[in-house]
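# Tertiary structure, described
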Amino acid sequence: MKKINIPAQIRGLIFDMDGTVADTMPTHYLAWKVVFDEIGYDFTEKEFYELAGVTSVEILEKIANEHGFDVDAQHYADKKDQEYLKLVAKGEVKPVEPIFNIVKEYFGKLPMAIGTGNNDEVIEHTLTGLGAYHMFDVKVGADQVENGKPDPETFLQCAIRMNIEPQYCMVFEDGNPGIEAAKRAGMRVIDVREYI
């Protein structure tokens, strides 16, 4: 397995959560299926993974616009989060081991942040399930930014709150929108899909 090296000039680490630190993507997809089945739309796994890192509201708006139906995006985003939390409560959250090992290795050595398209409640439940909530100095979710990924705002907020210039931050991401967001933020980025 390839080794991830953190360059000496890096002063802060930023991690996407789902599919990067926590192996929750299949659980999120199950929650989405419940919501889209209720709406009457066949949401495919391919679509889901292409939208990795995009906020729930933006996913709903995008699909509704592309397929010509109206939807109360906030209502269904909230419903999706509740379905996800129900599923998380039933089973233990699993880490993405190669990336979670980096979190453990750098805990207490470098400031670390979570930058995700999920809201605070989902962040708390997911990281608590991993026993990792305390490891991250900063947590920035969808309810704290105006624009989700691929906009760089999530990662820039992480940098601001860690008090580190963007060029000294390294982002760990598993989704194309998040990788684009990190690049647009002027940060180094590692596509974790190459390591897991």
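So, a few notes on the structure that sits alongside this text. Predicted, not measured: the structure shown is a model, and the values here were computed from it.

## A word on the side chain of Asp 16
Relative to the assigned elements, Asp 16 resides in the loop between β1 (12-15) and α1 (25-39). For Asp 16, a relative accessible area of 3% gives the class buried. Engagement of the side chain of Asp 16 in a polar contact is seen with the side chain of Thr 20, the distance being 3.2 Å. Other than its neighbours up to four places away in sequence, Asp 16 contacts Val 21, Ile 114, Gly 115, Thr 116, Lys 149, Phe 172, Glu 173 and Asp 174.

## Description of the layout of surface pockets
Volume-wise, the largest pocket comes out at about 260 Å³. Lining the largest pocket we find 17 residues, and of these Thr 55, Val 57, Gln 74, Ala 142 and Asp 143 sit closest to its centre. Only α3 (56-67) and α4 (73-90) provide two or more residues apiece to the lining of the largest pocket. Here the element with the most residues in the lining of the largest pocket is α4; it accounts for four residues. The class makeup of the residues in the lining of the largest pocket is four nonpolar, eight polar and five charged.

## Considerations on the packing of α1 against α3
Two numbers describe a pair of packed helices, the interaxial angle and the distance between the axes. Axis separation between α1 and α3 bottoms out at 13 Å; the angle between their running directions is 35 degrees. Crossing hand, α1 versus α3: right-handed. Across the interface between the two elements, Trp 32, Val 35, Phe 36 and Ile 39 from α1 touch Ser 56, Ile 59, Leu 60 and Ile 63 from α3. A breakdown of the residues in the contact of α1 with α3 according to their chemical character gives seven nonpolar, one polar and no charged.

About the cut-offs
Residues numbered from 1 in each chain as written. Predicted model: local features only at pLDDT ≥ 70, side-chain atom pairs only at ≥ 80, totals over all residues. Heavy atoms only, no water. Helix = DSSP H or I, 4+ residues; strand = E, 2+ residues; numbered from the N terminus. Buried < 20%, exposed > 50% of the residue type's maximum accessible area, 1.4 Å probe, protein only. Polar contact = N/O pair within 3.5 Å; in protein donor to acceptor, adjacent residues only side chain to side chain. Contact = heavy atoms within 4.5 Å. 1 Å grid on protein atoms, 1.4 Å probe; cavity = no way out; pocket = protein on both sides within 12 Å on 5 of 7 lines; lining within 4 Å. Points joined across faces, edges and corners; volume = space filled by probe spheres on them. Nonpolar A, V, L, I, M, F, W, Y, C, P; charged D, E, K, R; others polar. Axes fitted to C-alpha atoms, helices over the stretch in contact; angles between N-to-C directions. Left-handed = near helix turned anticlockwise from the far one by under 90°.

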